[in-house]
Amino acid sequence: MGSRKRSTHGRQTMTTDYAQWARRTCGALLRMMLQAGLLLCLGWAAAMADEGTKDAIPSEYAGKIMPMGMRDDPKARVAGKDLYDGTVNPEVNCARCHGSDGKPTKLGKGAHDLSDPTEGAKHSDAEWFWRLSEKKPGSKMPGFKDKLSEEQRWQVITYLRTLAQAGR
Ligand code: HEC
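Keep in mind it's a predicted model, so treat the numbers as computed, not measured. (Residues numbered from 1 in each chain as written. Predicted model: local features only at pLDDT ≥ 70, side-chain atom pairs only at ≥ 80, totals over all residues. Heavy atoms only, no water.)

Undergrad: Quick rundown of the coordination of the iron atom of the ligand? Include the residues and the values.
TA: In an ideal tetrahedron of four donors about a metal, each angle is 109.5 degrees. In an ideal octahedron of six donors, the angles are 90 or 180 degrees. Protein coordination at the iron atom of the ligand: the donors are His98 (NE2) and Met141 (SD), at 1.9 to 2.1 Å from the metal. Considering all 6 donor atoms around the iron atom of the ligand, angles at the metal cover 85 to 179° and the coordination shape is octahedral. Of this pair, His98 sits in helix α4 (residues 95-98) while Met141 sits in the loop between α6 (125-133) and α7 (150-166), and the two are 43 residues apart along the sequence. When its relative accessible area of 22% is taken as the criterion, Met141 is described as partly exposed. (Donors = N, O, S within 2.8 Å, 3.2 Å for Na, K, Ca; no water. Tetrahedral: all angles 85-135°; square planar, octahedral: opposite > 155°, others 65-115°. Helix = DSSP H or I, 4+ residues; strand = E, 2+ residues; numbered from the N terminus. Buried < 20%, exposed > 50% of the residue type's maximum accessible area, 1.4 Å probe, protein only.)

Undergrad: Explain the side chain of Glu119 residue by residue, including any values.
TA: Mapped onto the elements of the fold, Glu119 is located in helix α5 (residues 117-122). If near-sequence neighbours (up to four positions away) are discounted, Glu119 is found in contact with His112 and Asp113. (Contact = heavy atoms within 4.5 Å.)

Undergrad: An account of the packing of aromatic side chains is requested, with residue identities and associated values reported.
TA: As enumerated under the stated definition, the model contains 3 aromatic pairs in all. Geometrically, the ring pair formed by Tyr61 and Phe129 is tilted, given 6.0 Å between the ring centres and 50° between the ring planes. With Tyr61 in helix α2 (residues 59-62) and Phe129 in helix α6, this pair connects stretches of sequence that are 68 residues apart. Neither residue differs from the other here; Tyr61 and Phe129 are each classed as buried. Taking the centre distance of 5.4 Å and the plane angle of 65° together, the rings of Tyr84 and Tyr159 count as edge-to-face. Pair noted here: Tyr84 is in helix α3 (residues 74-84) and Tyr159 is in helix α7, with a separation of 75 residues, a long-range link. (Phe/Tyr/Trp six-rings, centres within 6.5 Å; stacked < 30°, edge-to-face > 60°.)

Read these as spatial facts, not as claims about activity.
What follows is the structure in structure tokens.
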């Protein structure tokens, strides 16, 4: 009898110890989970904010690809440069806002540095094609689809890509 009692008592102590340990561990785990959850939420919010700044390409532009061979065609690049600098058509002068080297001028305040390779890597040809074709609401930059043929717009983009290369 006596030994049974002791053993019961022993078990009870063990149970209480275990309960305390479990409570502590659970508390710590819960705290960790809450903290991790909070971090996840913050990360998600930051990702959403980042998404928000990236505009979706309208479907009529989303599938656009640069004509074959143009990216490596030095003639296309030179034609693009002349358009960009306003040499061909003074009404199309990207450099007055984006700078002849791709760094925005006073007039182009708010534009990204087009000579920055990390900036270039973030945007597809299709996205840039769309951006220079259409005027974005609220933007200082005009749309150029009436002033530049599709071919000319692609030429300008090959030139933009080399501006970013120069920054490497
Ligand atoms: C009157 C000034 C102005 C002219 C001219 C202009 N841009 Fe822009 N451009 C801007 C500004 C400001 C932005 C950035 C924010 C925005 O969309 O308003 C921009 C944005 C861009 C972007 C998207 C990358 C970014 O910085 O957000 C590209 C690509 C671009 N311009 C290319 C061109 C090309 C190519 C030409 C010439 C055919 C041109 N721009 C002419 C002012 C100009």
